[in-house]
Amino acid sequence: MRNLLIVDDEVYALQAMVEGIDWRLAGIDRVFSAGDAEEARMVLQSQSISIMISDIEMPGETGLDLQSWVLKHAPGILTIFLTGHALFDYAQTALKLNSFDYVLKPAQADQLLKVVTQAVDKLKAGEQHSRTNEIYESVYKRWQTHKPLLTERFWKDAISQRVTLTKPRLKELAEVYGAEIDPHARILPIVISVEEWVREFDLRDEEVLEYALRNAAREMILGDRPGEVFQDHSGLNIVLAYEQDGVVPAASQVAQNCQLYIRECGTYFYCRLSCYVGAPVAVTELQGLLNELMDMERRNIRELEGVFVYDEQGKKPEDRFLPIPWFSELSILFETGKVDDLRERVEEIFELLASQEQLSPEILRLFYHAMLHVVYPLLHQKNVSVRSLYPGEREPEESVVTRSLSQLKLWSLDLIDRAIPILYPDDHSPMTIVDQLCVYIENHIGEDLMREELASFAGFNPAYLSRLFRKEKGMSLSEFILQRRVDKAKTLLSESTVKVTDIAGKVGYYNYSHFTKMFKKCTGITPQEFRKQSRTV
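Please read these numbers as outputs of a predicted model, since none were measured by experiment. (Residues numbered from 1 in each chain as written. Predicted model: local features only at pLDDT ≥ 70, side-chain atom pairs only at ≥ 80, totals over all residues. Heavy atoms only, no water.)

J.: Would you mind going over the overall build of the protein chain in detail, with residue names and values included?
T.: The helix and strand tally for the protein chain stands at 22 helices and 11 strands. Within the protein chain, the proportion of its 537 residues that are buried is 44%. Restricting the contact set of the protein chain to residue pairs at least 6 apart, pairs at least 24 apart contribute 69%. (Helix = DSSP H or I, 4+ residues; strand = E, 2+ residues; numbered from the N terminus. Buried < 20%, exposed > 50% of the residue type's maximum accessible area, 1.4 Å probe, protein only. Contact = heavy atoms within 4.5 Å.)

Below, the structure written as structure tokens:
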């Protein structure tokens, strides 16, 4: 149940908001009201309130005072402030007090409904995130408790050895880790490759899910048989099925278990997997076979989300080099902005690649870098930042893009759709790196803006950036920063009651006399004189 509290000392305004708006449209179940901060606290202590709308200017305790109390006693409540004054310091204080939004009076019913709906949506998202975190925390605690055992450490070290794993070396490692390993026993290895997470996860969540994948592999692939499941140093999950009573699991039976495992993990762990099943080998031969399986995994760029059984007799010959002489043509199509022709040619190229019997990962990586080599110089020629391709997003990683032919094709078509509108917009100019830099300066005007830092943001040499900035804006970078700082100071001096010494710090000057000097240089008068004149007017 989501309840709303409205606090306003103006009786008619309060009545209009309580009775004149259908709050059910915003997902509100009950609405409570209060005429001042004291009455509001009584409601907050006796009722479960999710969202509070409060006037700031009230006699006695203000809405800001009430919010300070809420932050200490009911921090989960989202607060929306109402005020009749659009003053900078009011808004600033409201933000510092973690208010959800700030609305000027008189607020229209549809505006209040919209803001409250947004607040309800934020509460829902937070509840969903909390439920998801509870699941992850449960798995995470198990992961922390069990990681990693001595036997797992032994296998990690054993298979990562650059030297051959001889019986003396095997015995030495077993003694170091206290592991009981029979060097004459046979082992059937399985390599599990996570090809793709179908949902966005942060690093810790991926580690938790990887741990859950290994637990599932132990249950579904090994079952009751002895064995080990662990992650090697390269990030691949390894399953080792031990020999038991002279018998090693048949590769065909393990392959069936892997098929079920892939389906279940896709459903419950949001990922796409492939399994590479080896053959029974002695422990001293395990390194070589694992290397073969890992090579199978690396070179499999066509058939993903499947089970692949190692066959010594059916090993494919070495990859041959496949020339790809299409990029001069693609470069011309990019330069002329012919998006339909570009997409059609890329489709044809990938049909050709798909028909090649010996297509290697090296060819996919070559194609990836060649595409970037076509697009990036065009962006630089137009002084457009590469970041414009993925605003607010993380650029796809090469290892993900080149994992398969289908993923590389999707990335190539997406790159075309992103690059062409930026290079050749219909009705507006693209945001050049200088434009982006100006926005950055506006957002960091109160900081110590150094030329080297700005050049690093733009991705250019500092001297080149200075020349480019002057060419586009008709003034130097330092002149622009000074102009924006003075403009910001003028706004604060004329529209707020903030002290002049504090305003100096807000616009990046921590030496008050220097601020006064630079302000007078631009305006001909001191900040105090400017404030006096602006208020007289």
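J.: Go over the environment of Glu 195 with me, naming the residues and quoting the values.
T.: Within the secondary structure, Glu 195 sits in strand β6 (residues 186-197). Along the sequence, Glu 195 and Ser 404 sit 209 residues apart, while their C-alpha atoms lie 9.1 Å from each other. Leaving out residues up to four positions away in the same chain, Glu 195 has contacts with Arg 272, Leu 273, Ser 274, Leu 304, Glu 305, Arg 403 and Gln 407. Within the structure, the side chain of Glu 195 is placed 3.1 Å from the backbone nitrogen of Glu 305, a separation counted as a polar contact. (Polar contact = N/O pair within 3.5 Å; in protein donor to acceptor, adjacent residues only side chain to side chain.)

J.: Pulling in residues and values, what's your account of helix α12 (residues 339-354)?
T.: Every α-helical turn comprises 3.6 residues, leaving residues that sit three or four positions apart pointing alike. Given a rise of 1.5 Å per residue, 16 residues ought to cover 22 Å, and the 22 Å separating the end C-alpha atoms of α12 matches this to within 8%. Taken together, the buried positions of α12 are occupied by Leu 342, Arg 345, Val 346, Ile 349, Phe 350 and Leu 353. Take α12 and look down its axis: the buried residues cluster within an arc of 135°, on one side only. Exposed positions of α12 whose direction lies more than 90 degrees from the buried face are Asp 340 and Glu 351. (Expected span 1.5 Å × (residues − 1). Arc of directions from axis to C-beta.)

J.: Break down the packing of aromatic side chains for me, citing the residues and quoting the values.
T.: If you walk through the whole model with that rule in mind, you get eight aromatic pairs. Aromatic side chains Tyr 512 and Phe 515 sit 6.5 Å apart centroid to centroid with 45° between the ring planes, which places their arrangement in the tilted category. Highlighted residues: Tyr 512 and Phe 515, both in helix α21 (residues 512-523), separated by three residues, approximately one helical turn. Of the aromatic side chains, those joined through ring pairs into one cluster are Tyr 509, Tyr 512, Phe 515, Phe 519 and Phe 530. Its end group placed over the ring of Tyr 509, Arg 485 keeps NZ or CZ at 5.3 Å from the ring centre. (Phe/Tyr/Trp six-rings, centres within 6.5 Å; stacked < 30°, edge-to-face > 60°. Lys NZ or Arg CZ within 6 Å of the ring centre and 35° of its normal.)

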